Amino acid sequence: MPFLSISIALNREQADIFGDLLLQEGAVSISVEDADEGTPDERAIFGEPGATGGLWRHCQLTALFDSGTDGADGIEAMWRVASLLDIDALNFAQSTVDDIDWVRENQAQFPPIQISERITIVPSWHEASNQSPDAINISLDPGAAFGTGSHPTTRLCLQWLEAHVVNAPAVLDYGTGSGILAIAAIKLGAREAMGVDIDRAAVVAAKQNASKNATPIRFETTDHTLDYAADITVANILANPLKVLAPLLARHTRVDGQLVLAGILNEQANDIIAIYRPYFDLTVWRQSEGWSCIAGRRIA
């Protein structure tokens, strides 16, 4: 049976309790996203450096209902909750979501991702098509942590690593997510790599992915004291956390070592370069789909 999906734009205070009330009114599931995602107003809220706490200022809430015969129950639930919160008007969009085999559907959305002629991200339900001796096939399934190779920022970092990791003794992947960049660094010739993330679930996922790829990598959460000096530091996060992290990344990158930053919109690039100027000589290395990859060397 199909489901009714209803999305509404709410402010932080409304979204904070709107979802809970909708669940009481019969919603099957609730999701809340940053309505400003992909814009300069995008904000970190999950404990990253620079995080604001609470929900985003502008939220996009999506509720899923059993559609019944005409979907009226879900719409009526929306209005009942709106009246409880003294919201006079709702601007919502609705659609029908088919009840399908979500596992198979999810797998179909994640085919192998060709990063370059050498590097391919291969989910476990696919066979690697590139079997040449110099191929870099990274076995990685979509999961609890960011970084599958599908996002432009991840692809940019992987392409930079392919071009620059030449017998690098030590690589630091700060904000490691799935561990994809640390794994790629080892496969590309780095002698060692370390991944750090604020999210414990991400660290668990990264360790599993590293084991699956036979890449020995040390992973830690940010609540551990970081004792590491990198020849290459890569941080694929977001612009606002990166602004706060400049001194920390400088401390853990050797003089004349290289820094790679991503998760930065093109219009944010100059601000990030200026903030890092006391520590690094950075320039925009490459851009893709509105995102910039910034790279350069640690100065004394």
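Figured I'd write up the structure that's included with this text. Note that this is a predicted model, so its numbers are computed, not measured.

1. Structural notes on the sheet that holds strand β7 (residues 136–139)
And step 1. Read across the sheet, 3 strands follow the order β5-β6-β7 without closing on themselves; strand pairing throughout is mixed. Sheet topology places β5 (113–114) and β7 at the edges, where each strand pairs with a single neighbour.
And step 2. Direction of pairing for strand β6 (residues 119–122) relative to β7: parallel, over a ladder of 4 bridges. When the sheet's bridge partners are listed, T120 is paired in β7 with N137.
And step 3. Together, β6 and β7 form the strand contacts of helix α5 (residues 180–187), whose direction differs from that of β7 by roughly 145°.

2. Quick notes on the side chain of D34
And step 1. By the element assignment, D34 lies in strand β2 (residues 29–34).
And step 2. Given a relative accessible area of 9%, D34 falls into the buried group.
And step 3. Of note is the side chain of D34, whose polar atom sits 2.9 Å from the backbone nitrogen of D36.
And step 4. Those residues in contact with D34, other than ones at most four positions away along the chain, are E42, R43, W56 and H58.

3. Let's talk about the sheet that holds strand β3 (residues 58–66)
And step 1. Reading across from one edge, β2-β3-β1-β4 is the order of the 4 strands in this open sheet, with antiparallel pairing throughout. Because the sheet does not close on itself, it has two edges, and the strands there are β2 and β4 (92–97). In this sheet, neighbouring strand axes are inclined to one another by 20° on average, regardless of whether the strands run parallel or antiparallel.
And step 2. In this structure, β2 lies alongside β3, joined through 6 bridges in antiparallel fashion. The residue of β3 that forms the bridge with V32 is L61.
And step 3. On the sheet, helix α1 (residues 12–24) packs against β1 (3–11), β2 and β3 and is oriented at approximately 155° with respect to β1.

4. Details of the packing of aromatic side chains
And step 1. Applying the stated rule across the entire model yields 1 aromatic pair.
And step 2. Cation over ring: R298 sits above F280, and NZ or CZ is 5.7 Å from the ring centre.

5. A word on unusual backbone geometry
And step 1. Of note, the phi angle at D86 is positive, near 60°, even though the residue is not glycine.
And step 2. Within the secondary structure, D86 sits in the loop between α2 (72–84) and β4.
And step 3. For D256, which is not a glycine, the phi torsion comes out positive at approximately 75°.
And step 4. By the secondary structure assignment, D256 is in strand β12 (residues 253–265).
And step 5. Residue D256 is classed as partly exposed on the basis of its relative accessible area, which comes to 48%.

6. A look at the environment of I183
And step 1. As for its placement among the helices and strands, I183 is situated in helix α5.
And step 2. We classify I183 as buried; its relative accessible area is 0%.
And step 3. Separated by 31 residues in sequence, I183 and A214 have C-alpha atoms that sit 8.9 Å apart.

7. Focus: the nonpolar core
And step 1. Counting 38 residues, the largest nonpolar core has I121, I138 and I217 as its most contacted members.
And step 2. Listed by contribution, the elements that provide at least two residues to this core are β6, β7, α4 (152–164), α5, α6 (200–212), β11 (230–236), β12 and β14 (291–298).
And step 3. When residues in this core are grouped by element, the largest group, 7 residues, is from α5.
And step 4. Excluding anything up to four places from it in sequence, I121 contacts P111, P112, I113, I115, I138, L140, T148, G149, L158 and I180.
And step 5. Formed by 25 residues, the second largest nonpolar core is a distinct cluster that contains L172, M194, A250 and A269.

8. Details of the packing of helix α7 (residues 239–251) against helix α8 (residues 269–276)
And step 1. The interhelical angle for the contact between α7 and α8, taken along N-to-C directions, is 20°, at an axis separation of 9 Å. Between α7 and α8, the angle is such that the two are roughly parallel. At the point where α7 passes α8, the crossing takes the right-handed sense. Across from A239, L242, K243, L245, A246 and L249 in α7, the residues of α8 making contact are I272, I275 and Y276.
And step 2. Grouping the constituent residues of the contact of α7 with α8 by class yields 8 nonpolar, no polar and 1 charged.

9. Topic: the pairing of β14
And step 1. Within β14, 7 of the 8 residues are buried, which leaves it mostly tucked inside the rest of the structure.
And step 2. Bridge count between β12 and β14: 6 bridges; the pairing is antiparallel. Bridge pairing in β14 places L261 opposite I294.
And step 3. Linking two consecutive strands that pair antiparallel, namely strand β13 (residues 280–288) and β14, is a turn of 2 residues; a positive phi of about 55° is found at E289 within it.

Reading guide: rules and limits
Residues numbered from 1 in each chain as written. Predicted model: local features only at pLDDT ≥ 70, side-chain atom pairs only at ≥ 80, totals over all residues. Heavy atoms only, no water. Pairing = 2+ DSSP bridges. Helix = DSSP H or I, 4+ residues; strand = E, 2+ residues; numbered from the N terminus. Contact = heavy atoms within 4.5 Å. Axes fitted to C-alpha atoms, helices over the stretch in contact; angles between N-to-C directions. Buried < 20%, exposed > 50% of the residue type's maximum accessible area, 1.4 Å probe, protein only. Polar contact = N/O pair within 3.5 Å; in protein donor to acceptor, adjacent residues only side chain to side chain. Phe/Tyr/Trp six-rings, centres within 6.5 Å; stacked < 30°, edge-to-face > 60°. Lys NZ or Arg CZ within 6 Å of the ring centre and 35° of its normal. Core = buried A, V, L, I, M, F, W, Y, C linked by side-chain atoms within 4.5 Å. Parallel < 35°, antiparallel > 145°, perpendicular 65-115°, else oblique. Left-handed = near helix turned anticlockwise from the far one by under 90°. Nonpolar A, V, L, I, M, F, W, Y, C, P; charged D, E, K, R; others polar.

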